[in-house]
Amino acid sequence: DLTNMKIVSVITARGGSKGIPKKNLIDLKGSPLLSYTINASKNSKVNETWVSTDCKEISACAESYGASTLIRPSHLANDIIMPDASLLHFAENIDFDLLVFIQPTSPLLESRYIDQGINMMKNYDSVFSAYQEHWYPKWTENNLPFNFTMAERPRRQDKKPLYVENGAFYITTKQNLLRSKLRYSGNIGIVKMPYSKSFQVDNLEDLEIIKRLL
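Rules of the game
- Residues numbered from 1 in each chain as written.
- Predicted model: local features only at pLDDT ≥ 70, side-chain atom pairs only at ≥ 80, totals over all residues.
- Heavy atoms only, no water.
- Helix = DSSP H or I, 4+ residues; strand = E, 2+ residues; numbered from the N terminus.
- Buried < 20%, exposed > 50% of the residue type's maximum accessible area, 1.4 Å probe, protein only.
- Salt bridge = Lys/Arg side-chain N within 4 Å of Asp/Glu carboxyl O.
- Phe/Tyr/Trp six-rings, centres within 6.5 Å; stacked < 30°, edge-to-face > 60°.
- Lys NZ or Arg CZ within 6 Å of the ring centre and 35° of its normal.
- 1 Å grid on protein atoms, 1.4 Å probe; cavity = no way out; pocket = protein on both sides within 12 Å on 5 of 7 lines; lining within 4 Å.
- Points joined across faces, edges and corners; volume = space filled by probe spheres on them.
- Nonpolar A, V, L, I, M, F, W, Y, C, P; charged D, E, K, R; others polar.
- Polar contact = N/O pair within 3.5 Å; in protein donor to acceptor, adjacent residues only side chain to side chain.
- Contact = heavy atoms within 4.5 Å.
- Pairing = 2+ DSSP bridges.
- Axes fitted to C-alpha atoms, helices over the stretch in contact; angles between N-to-C directions.

**Structural notes on unusual backbone geometry**
With a phi close to 50 degrees, K22 is a non-glycine residue in the positive phi region. Relative to the assigned elements, K22 resides in the loop between β1 (7-12) and β2 (27-28). Relative accessible area serves as the criterion here: at 40%, K22 is assigned to the partly exposed category. Not every positive phi belongs to a glycine, and N143 is a case in point at roughly 60 degrees. Looking at where N143 falls in the secondary structure, it is placed in the loop between β8 (138-139) and β9 (145-146).

Set out below in structure tokens:
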């Protein structure tokens, strides 16, 4: 039963970024990138919106948009670390029952998808957002067909569609997170988002695409 559960979100936004310097604060149509996911969270069924960061500038920006902030140690904010370690740090410091982990690089995320995911937690241990990918021929770097043969190239409509994590958000319980030490575990459900809402900002080209979609 979700009614008595404390639902919080955490947006993990570190200061360093190789693709775009200060990426989480970069201007996107007059607002910092980080503000889009904060707003999506605040307009959803989430009770508290948090930003976990190692950067004072990001922390100040997050608070100006109405999020609470948790400063995380710098060893949890380098290029190598998986976000799951930051989630465990968050779980050790903040009280909640249900956690919505949002990545700040998903400015096209809408609150209705978060709400859909929260509702699905009645039937699942964890959920994540994804888009449907239709089959198409893929090749290896050695110019060899990957998972198909040229003599028996399947028709696209004969292949079952796959789902690709779009990285927008993941939802799990505190109990499952602490037990598995992973962002998702157990019986996992998929929140299906359209491809057009699934773009992530990793580089300047992505930023240009998203500006046209916003």
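**Structural notes on the pattern of salt bridges**
Under the defined criterion, the tally for this structure stands at ten salt bridges. Between R155 and D158 there is a salt bridge whose closest N-O contact spans 3.0 Å. Here K211 and E208 are joined by a salt bridge, their closest N and O atoms 3.5 Å apart. Of the two residues, K211 and E208 are both situated in helix α6 (residues 204-213); the distance of three residues between them amounts to about one turn of the helix. Take K211: its relative accessible area is 26%, and that puts it in the partly exposed class.

**So, the packing of aromatic side chains**
Scanning the model with the defined rule gives ten aromatic pairs in all. Pairing W139 with F148 gives two aromatic rings, centres 5.8 Å apart and planes at 80 degrees, and the pair type is edge-to-face. Relative accessible area serves as the criterion here: at 46%, W139 is assigned to the partly exposed category. Taken together, the aromatic side chains of F101, F128, Y170 and Y184 make up a single cluster linked through ring pairs. Positioned over the ring face of Y170 is R183, at 4.8 Å from the centre of the ring.

**Concerning the layout of surface pockets**
Of the pockets and cavities examined, the second largest pocket occupies roughly 170 Å³. Considering the residues around the second largest pocket, the lining is formed by E133, H134, W135, Y136, P137, K138, F146, N147, F148, K159, K160 and L162. The class makeup of the residues in the lining of the second largest pocket is six nonpolar, two polar and four charged.

**Things to note about the side chain of S129**
Mapped onto the elements, S129 comes out in strand β7 (residues 126-133). Here the side chain of S129 touches A168 through a polar contact of 3.5 Å, landing on its backbone nitrogen. What S129 contacts, discounting residues up to four positions off in sequence, is V164, E165, N166, G167, A168, F169, V191 and M193.

**Looking at the pairing of β1**
For β1, the buried fraction is high: six of the six residues fall into the buried class. What you see with β1 is no split at all: I7, S9 and I11 on one side and V8, V10 and T12 on the other are buried throughout. Relative to strand β6 (residues 98-102), β1 is paired through five bridges, and the arrangement is parallel. Note that in β6 the partner of I7 across the bridge is L98. One ladder, built from five bridges, connects β1 with strand β4 (residues 48-53); its direction is parallel. By the bridge assignment for β4, I11 is matched with V51.

**Some points on the sheet that holds β7**
As summarised here, the arrangement of the seven strands in space is β5-β4-β1-β6-β10-β7-β11, forming an open sheet in which the pairing is mixed. Looking at strand neighbours, the two that pair on one side only are β5 (68-71) and β11 (188-192), the edges of this open sheet. Each strand axis lies, on average, 30 degrees off the axis of its neighbour in the sheet, ignoring direction. Looking at chain direction, β6 and strand β10 (residues 162-173) are connected through five bridges and run antiparallel. Among the inter-strand pairings, F101 is bridged to a residue of β10, identified as Y170. Those strands touched by helix α3 (residues 83-93) are β1, β4, β5 and β6, and its axis lies near 135 degrees from that of β1. Packed on one face of the sheet, helix α4 (residues 111-120) meets β1, β6, β7, β10 and β11 and runs near 155 degrees to β11.

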